Amino acid sequence: MKKKLTFTLLLLLAVLFLSSAFSESWSQINQPIQKREGWRQIVDNSIFTLGESIDIVSKNGKIFAGKSFTEKSFGTYPSIDGSTVMVPMAIEFARQHLRLSEADLSGFVAFSTTHNAYLNLIHRTPNGSAALVTEEAVMDASHPVDLMIGTEPSSEELALAQERGVALIQKPICYDAFVFITHVSNPVESLPLSAIRSIYKGEIINWEELGGNDAEIEAYQRNQNAGSQTAMENRVMQGEPIFSHQPVGIYFVGEMSLLVSKIGGYESTENGIGYTYKYYLDELYRDDSIKILSIDGIYPSDENISSGAYPLAVQYFGVIRAGDEEKAGGLFLDWILSEEGQRCVQQAGYIPISALTHEKAGD
């Protein structure tokens, strides 16, 4: 009995390792992702179900000691990868269609972040880190990514797809706000969009020029191909280069959570500015020492996003490879855009496509 319990514990630890060690998105989240207040079951009799389980011998003897373990096929459910900001949406989809336990959801939804997800989709490679802990099972690690959900592709990702002869079909599935943040102690509450461009072009270098303290601005940006970096380049800079030479004070940060901690929390110098997504701050990574700036006097409330008043409303997309329209990824994307799918999107806390009637967010 003791040996059986020991092996079961090792197996659970191994499954947890496989489902988390390679899931970069979970390292960017500091909040539990739970059912929202008033949650209800929306999907009945889903056509998207997981497949069979088989016992196989692990290739990693150090973890499983040569024992067999369970591998589960995706069945008719797509292998989904994506941006960190979309993790709660994917979790809600798994709740609705697969009726997974809360204990299994974080292992099953193991996103590799925006750029890696696009690479997996373009190259038709697996994500390879999904697992069902309570079933002591890993998902089929040979199954390629069928569907990417997240921010828009970068120019480099689009060029890679073209080079590989892959056409990407991308459809908007919900809305959010691209936001700029600073420390709560900063007296500046709003910035013109033109001033933000000037900061990142190296033309404005002191907060005093913007009604703040006499202090040098520390402007943070993300790494190339990060979802927020692509939005910054496309929506804010609109083709103008970001000035990256010192001593102006523009710094690269590789992870979204690190960017937030650089501006708020114990790492802050109180003079920073950076960017992220409102949903990320509201639901995934909270820090009471940062605040969201209004843009041109308009705060990114849900009402201002939905009405089009906020100038930096953005779309999140479902993306598949051309030719996969009738396969698992394409069929599931169709469902996301259905009335039932959009209700699930909204229940996960996102702004569904139907909530906006303007065209501004996609410009």
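Residues numbered from 1 in each chain as written. Predicted model: local features only at pLDDT ≥ 70, side-chain atom pairs only at ≥ 80, totals over all residues. Heavy atoms only, no water.

## Quick word on the overall build of the protein
As a reminder of what qualifies: Secondary structure follows DSSP: runs of H or I at least 4 residues long count as helices, runs of E at least 2 residues long count as strands, and numbering of each begins at the N terminus. The buried label goes to any residue with under 20% of its type's maximum accessible area, the exposed label to any with over 50%, and the partly exposed label to all in between, with areas taken from a 1.4 Å probe on protein chains only. Note on definitions: a residue-residue contact is assigned when non-hydrogen atoms from the two residues lie within 4.5 Å. The protein chains shown are the only cover counted for residues, whose accessible areas, like all others here, come from Shrake-Rupley with a 1.4 Å probe.
Scanning the protein from N- to C-terminus turns up 13 helices and 15 strands. Considering the protein as a whole, with its 363 residues, one finds that 54% of them fall into the buried category. Long-range pairs, those at least 24 residues apart, make up 76% of the contacts in the protein with a sequence separation of at least 6. Carbon and sulfur atoms make up 51% of the accessible area of the protein, which totals about 16,000 Å².

## Regarding the packing of aromatic side chains
Here is the rule we go by: Any two rings among Phe, Tyr and Trp, with Trp reduced to its six-membered ring, count as a pair given centres within 6.5 Å; such a pair is stacked if its planes are under 30 degrees apart, edge-to-face if over 60, and tilted if neither.
For the structure on display, the rule yields 16 aromatic pairs. Relative to Tyr-200, the ring of Phe-180 has its centre 6.4 Å away and its plane inclined at 55 degrees; by these criteria the two rings are tilted. Taken together, the residues Phe-180 in strand S7 (residues 168-183) and Tyr-200 in helix H7 (residues 193-200) connect sequence positions 20 residues apart. Residue classification places Phe-180 among the buried residues on the basis of a relative accessible area of 0%. With centroids separated by 5.7 Å and ring planes inclined at 70 degrees, the aromatic side chains of Phe-180 and Tyr-275 adopt a geometry described as edge-to-face. Taken together, the residues span a long stretch of sequence, with Phe-180 in strand S7 and Tyr-275 in strand S11 (residues 272-277) at a distance of 95 residues. Looking at Tyr-275, the relative accessible area reads 0%, which means it is buried.

## Focus: the nonpolar core
Stated precisely, the cut-off is as follows: Definition used in this section: a nonpolar core is a set of buried Ala, Val, Leu, Ile, Met, Phe, Trp, Tyr and Cys residues joined via side-chain atoms within 4.5 Å.
Within the largest apolar cluster, 87 residues are counted, with the highest numbers of intra-cluster contacts made by Phe-108, Phe-180 and Tyr-200. Top element by residues in this core is S7. It accounts for 8 residues. Residue contacts for Phe-180: discarding those within four places in its chain leaves Ile-196, Tyr-200, Met-232, Val-236, Ile-273, Gly-274, Tyr-275, Lys-291, Ile-292, Leu-293, Ile-295 and Leu-312.

## A closer look at the environment of Ala-131
As for its position among the elements, Ala-131 is in strand S4 (residues 131-132). What makes Ala-131 buried here is its relative accessible area of 0%. Separated by 25 residues in the primary sequence, Ala-131 and Ser-106 have C-alpha atoms spaced 8.6 Å apart.

## A few points about helix H13 (residues 339-347)
Residues spaced three or four apart along an α-helix point in a common direction, a consequence of the helix completing one turn every 3.6 residues. For H13, the full list of buried residues reads Gly-341, Gln-342, Cys-344, Val-345 and Gln-347. Contacts from the buried residues of H13 go to helix H3 (87-98), S7, helix H12 (328-336) and strand S15 (351-352). Just beyond H13, the residue with positive phi is Gly-349, at close to 100 degrees.

## Comments concerning the confidence of the model for the protein
Basically, it comes down to this: Note on scores: pLDDT gives the predictor's confidence for each residue, bounded by 0 and 100.
Looking at the protein, the pLDDT average stands at 85 and 84% of residues meet or exceed 70. Between residues 1-22, whose pLDDT stays under 50, and residues either more than four places distant or in other chains, the model counts 29 contacts. Counting contacts from residues 60-65, a segment whose pLDDT is below 50, to residues more than four positions away or on other chains yields 10 contacts.

## Examining the pairing of strand S6 (residues 147-150)
Basically, it comes down to this: For two strands to be treated as a pair, DSSP must find no fewer than two bridges joining them.
Residues of S6 alternate between two faces, with Leu-147 and Ile-149 on one and Met-148 and Gly-150 on the opposite face, all of them buried. Note: strand S3 (residues 80-82) against S6, 3 bridges, orientation parallel. Each bridged residue has a counterpart across the sheet, and for Asp-81 the counterpart in S6 is Met-148. Note: S6 against strand S14 (residues 313-321), 3 bridges, orientation antiparallel. Bridge pairing links Gly-150 to Phe-317 in S14.

## Considerations on the pattern of salt bridges
Here is the rule: For this analysis, a salt bridge means a side-chain nitrogen from Lys or Arg found within 4 Å of a carboxyl oxygen belonging to Asp or Glu.
With the rule as written, the count across this model stands at 14 salt bridges. Residue Lys-72 pairs with Glu-135 through a salt bridge whose shortest N-O separation is 3.9 Å. Here Lys-72, found in strand S2 (residues 68-72), pairs with Glu-135, found in the loop between S4 and strand S5 (137-139); they are 63 residues apart in sequence, far enough to count as distant. On the basis of relative accessible area, Lys-72 is assigned to the buried category, the value being 13%.

## Describing helix H9 (residues 256-263)
The buried count for H9 comes to 6 of 8 residues, which makes it a mostly enclosed element. Among the residues of H9, Met-256, Ser-257, Leu-259, Val-260, Ser-261 and Ile-263 are the ones counted as buried.

## Section: the pairing of S11
Note on strand geometry: in a regular strand, side chains alternate between the two faces of the sheet. Counting buried residues in S11 gives 6 out of 6 residues, a clear majority hidden from the surface. Here S7 runs beside S11; their pairing, made up of 5 bridges, is antiparallel. The residue bridging Thr-182 from the neighbouring strand is Ile-273, located in S11. Here 2 bridges tie strand S9 (residues 218-222) to S11, and the two strands are oriented parallel to one another.

## Let's talk about unusual backbone geometry
Phi is positive for Arg-99, close to 55 degrees, though the residue is something other than glycine. Checked against the element boundaries, Arg-99 lands in the loop between H3 and helix H4 (102-108).

## A short note on the side chain of Ser-83
Residue position: Ser-83 is located in the loop between S3 and H3. Relative accessible area serves as the criterion here: at 2%, Ser-83 is assigned to the buried category. With residues up to four places along the chain from it excluded, the contact list for Ser-83 reads Ser-25, Phe-111, Thr-113, Thr-114, Met-148, Ile-149, Gly-150 and Thr-151.

## A closer look at the environment of Ser-198
Its place among the elements puts Ser-198 in helix H7. Accessibility expressed as a relative area gives 16% for Ser-198, which makes it buried. When neighbours within four sequence positions are excluded, Ser-198 is seen to be in contact with Glu-203 and Ile-204.

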